[in-house]
Amino acid sequence: MQWDKVKNVLIVILLAVNLFLIVNLGAKVWQSRQRAEELETNLRTLTQGYGLTLDEGFRLPQDKVLPILSVDRSRADEEAVAQAILGDGMERTEQEDGTVRFESESGTVEWHADGTVRADYTAGVDTPEDAADALRLARRLFSGWGLQAEGESLDADGLTVTLTGTVAGQPVHNRSLTLSFDEEGGVTLTGLWSFGTPYTTVRGSGVSCNAADALLEFGARVQDTKEIDSMTAGYRMEVDSNRRLQLTPTWKIVTDSGEYLVDCAKKTIVDQEN
């Protein structure tokens, strides 16, 4: 009988502790949400001072800490893609700047040291009739060439299809491949791409991507922009001072005048030609 009373007391205590923890967690979630809403309200007011408005659907993303990543150039994968595109009889020529050019009777493929690629060739297939047809053909061609991506996405605009994907679970804002079909059966492939698994060579906690700081710096520097639609943290692919491919933490800010890349560490707008 005594033990039953003790058990009941223990159960009541455990229920009280659990209730306290749930209430405490709920309060923290509510406070966090309130702070986020207050921050977004303040940002809307501050950006108006720069002549900018935030779209009604804009939501300030959570801050992130991302490591700087490196990715090795894979000449073997580049050649395998070129072989799949051009077929037999392909010839390979390497230039002093690291550009590798592949040629055959079907066309040409050029891979550059910074990951950019351009291919012009005759596909030997019928020209797609519409965007849906182009999307189906592009999916088949990309797969046959070994050009596939983690988190792969294909988007068609007329007879032009763009392939994007994530790296290490994060978007790489300037890494994409565009496949264009013309009326004469020709195909052009252009874009910036990488192969293999990225790795980090820098010790430390990574680069802080603070959304509010980046947004305010962007507002202070941008011109000819009136409205900001969204912003997303991720990477941009570039060549570092040692001519190695590097993934640098970067925000993508989408506006009414186009898309901009903002370096997470420097808070500066990046020249997208780089």
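Residues numbered from 1 in each chain as written. Predicted model: local features only at pLDDT ≥ 70, side-chain atom pairs only at ≥ 80, totals over all residues. Heavy atoms only, no water.

Draft legend 1. Main features of the state of the cysteines. Counted by the stated rule, this structure contains one disulfide. The disulfide that involves Cys-209 links it to Cys-264, with 2.2 Å between the sulfurs. The sign of the 105 degrees torsion about the S-S bond sets the Cys-209-Cys-264 disulfide as right-handed. Here Cys-264 lies in the segment after strand S16 (258–263) and Cys-209 lies in strand S13 (residues 207–209), a separation of 55 residues in the sequence. In this structure Cys-264 comes out as buried when scored by relative accessible area, which is 1%. (Disulfide = S-S within 2.5 Å. Helix = DSSP H or I, 4+ residues; strand = E, 2+ residues; numbered from the N terminus. Buried < 20%, exposed > 50% of the residue type's maximum accessible area, 1.4 Å probe, protein only.)

Draft legend 2. Focus on a nonpolar patch on the surface. A cluster of nonpolar side chains, contributed by Leu-10, Ile-13, Val-17, Phe-20 and Leu-21, occupies part of the molecular surface with about 480 Å² of accessible area. Relative to the helices and strands, Leu-10 resides in helix H1 (residues 2–48). Residue Leu-10 is classed as partly exposed on the basis of its relative accessible area of 43%. (Patch = residues over 30% accessible without salt bridge, like charges linked within 9 Å, V, L, I, M, F, W, Y side chains within 5 Å. Areas by Shrake-Rupley, 256 points an atom, 1.4 Å probe, with all protein chains shown as cover. Salt bridge = Lys/Arg side-chain N within 4 Å of Asp/Glu carboxyl O.)

Draft legend 3. The arrangement of the packing of aromatic side chains in detail. Considering all chains together, one arrives at four aromatic pairs under this definition. Taken together, the aromatic side chains of Tyr-121, Phe-142 and Trp-145 make up a single cluster linked through ring pairs. The residue whose ring lies beneath Arg-175 is Trp-193, and the NZ or CZ to ring-centre distance is 3.8 Å. (Phe/Tyr/Trp six-rings, centres within 6.5 Å; stacked < 30°, edge-to-face > 60°. Lys NZ or Arg CZ within 6 Å of the ring centre and 35° of its normal.)

Draft legend 4. Structural detail: helix H2 (residues 75–86). The terminal C-alpha atoms of H2, which comprises 12 residues, lie 16 Å apart, in line with the 16 Å expected from a rise of 1.5 Å per residue. Buried residues along H2 sit against strand S5 (100–104), strand S6 (107–111), strand S7 (116–122), helix H3 (131–145) and strand S12 (186–192). At the C-terminal side of H2, Gly-87 shows a positive phi close to 80 degrees. (Expected span 1.5 Å × (residues − 1). Contact = heavy atoms within 4.5 Å.)

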